[in-house]
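# Tertiary structure, described
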Amino acid sequence: QLAETDLRNISLLTSICPDELLDVLKLRHEKDSNFLSTSNPNSYSLANLLRNLAYFDKNFKKAFWLLFEIVKTDKNTDSKDNSLKELFSSLFHYHISQTEASFATKKRVIEQLLNNEDYHKYVLDIIDNGLGSDNRTMFIYGDQNGLVQTYSYRATYKEICDWFDFFCFTGVFTDIR
């Protein structure tokens, strides 16, 4: 297992070589299925690292699916005290997602989740966060390696309307039973 200091040092590489770092984490997970699970004592730190790696649109999908590996193993079902689930679903908040991933990229990921009935419970959390129902604060995000980051993708009004339309009027609600 990685020590907390190892993870902190690795996190410094997130802006320098995010693709390579994601590949290394995926390889490690393929060799040890417990690496990206809550049985790893550093699962929350790894989840934070993956969430930071999801910042750029080009890395969002790969980082999301690796983060999802951790979230799937989380047995804590108390939605009021589940920071992993909150960390995961916050990637989809329409305004303060702390990622520059486009809505189109996020929609493709959600559609993939909808294709698996076992994942519908996660989509409900994403919808809740995606619509911003309990996020009423704004903050500026800064990471530990000095990369200046904004708190979200800069969406146009049309994109925001499309995002809400996607959640409210398309098959998202009708596909979840």
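Above: the structure in question.
Residues numbered from 1 in each chain as written. Predicted model: local features only at pLDDT ≥ 70, side-chain atom pairs only at ≥ 80, totals over all residues. Heavy atoms only, no water.

## With respect to the packing of aromatic side chains
For the structure on display, the rule yields 13 aromatic pairs. Taken together, a centroid distance of 4.9 Å and an interplanar angle of 80° make the contact between Y55 and F56 edge-to-face. Residue class for F56 comes out partly exposed when judged on its relative accessible area of 28%. (Phe/Tyr/Trp six-rings, centres within 6.5 Å; stacked < 30°, edge-to-face > 60°. Buried < 20%, exposed > 50% of the residue type's maximum accessible area, 1.4 Å probe, protein only.)

## Details of the nonpolar core
Counting 39 residues, the largest nonpolar core has L25, L50, F64 and F92 as its most contacted members. Breaking this core down by element, the ones donating at least two residues are α2 (18-31), α3 (43-53), α4 (57-72), α5 (83-89), α6 (103-114), α7 (120-130) and α8 (157-169). With 8 residues, the top contributor of residues to this core is α4. When residues no more than four places from it in sequence are discounted, the contact partners of F64 are F88, L91, F92, V109 and L113. (Core = buried A, V, L, I, M, F, W, Y, C linked by side-chain atoms within 4.5 Å. Helix = DSSP H or I, 4+ residues; strand = E, 2+ residues; numbered from the N terminus. Contact = heavy atoms within 4.5 Å.)

## Section: the packing of α2 against α3
Helix packing geometry: the angle between the two helix axes and the distance between the axes. Running from amino to carboxyl end, α2 crosses α3 at an angle of 145°, the nearest separation of the two axes being 11 Å. α3 is crossed by α2, and the crossing has left-handed handedness. Here P18, L21, L22 and L25 of α2 come into contact with α3, specifically with L46, L49, L50 and L53. (Axes fitted to C-alpha atoms, helices over the stretch in contact; angles between N-to-C directions. Left-handed = near helix turned anticlockwise from the far one by under 90°.)

## Points about α2
For an α-helix, the turn length of 3.6 residues means that residues three or four places apart are oriented alike. In this model α2 runs 20 Å from its N-terminal to its C-terminal C-alpha over 14 residues, within 8% of the 20 Å that 1.5 Å per residue would give. Among all positions of α2, only P18, L21, L22, L25 and H29 are buried. Seen end-on, α2 carries its buried residues on one side only, within an arc spanning 100°. Pointing more than 90 degrees away from the buried face of α2 are the exposed residues V24, E30 and K31. (Expected span 1.5 Å × (residues − 1). Arc of directions from axis to C-beta.)

## Comments concerning the pattern of salt bridges
Summed over the entire model, instances satisfying the criterion amount to 4 salt bridges. Of the charged contacts in the structure, one is a salt bridge between D23 and K62, with a shortest N-O distance of 2.6 Å. Here K62 lies in helix α4 and D23 lies in helix α2, a separation of 39 residues in the sequence. Relative accessible area serves as the criterion here: at 34%, D23 is assigned to the partly exposed category. Overall, the relative accessible area of 34% leaves K62 in the partly exposed class. (Salt bridge = Lys/Arg side-chain N within 4 Å of Asp/Glu carboxyl O.)

## Description of α4
The terminal C-alpha atoms of α4, which comprises 16 residues, lie 23 Å apart, in line with the 22 Å expected from a rise of 1.5 Å per residue. Along α4, the sharpest kink reaches roughly 25°, centred on A63. Three or more residues of α4 are buried, namely N59, F60, A63, F64, L66, L67, F68, I70 and V71. (Bend = angle between axes of the 7 residues up to and from the residue.)

## Things to note about the packing of α2 against α4
Where α2 meets α4, the axes come as close as 10 Å, and the angle between the chain directions of the two elements is 25°. By the angle class used here, α2 and α4 are roughly parallel. The two elements α2 and α4 cross, and the hand of that crossing is left-handed. Along its contact with α2, which presents P18, D19, L22, D23, L25, K26 and H29, the element α4 presents K58, N59, K62, A63, L66 and E69. Split by residue class, the contact of α2 with α4 holds 5 nonpolar, 2 polar and 6 charged. (Parallel < 35°, antiparallel > 145°, perpendicular 65-115°, else oblique. Nonpolar A, V, L, I, M, F, W, Y, C, P; charged D, E, K, R; others polar.)

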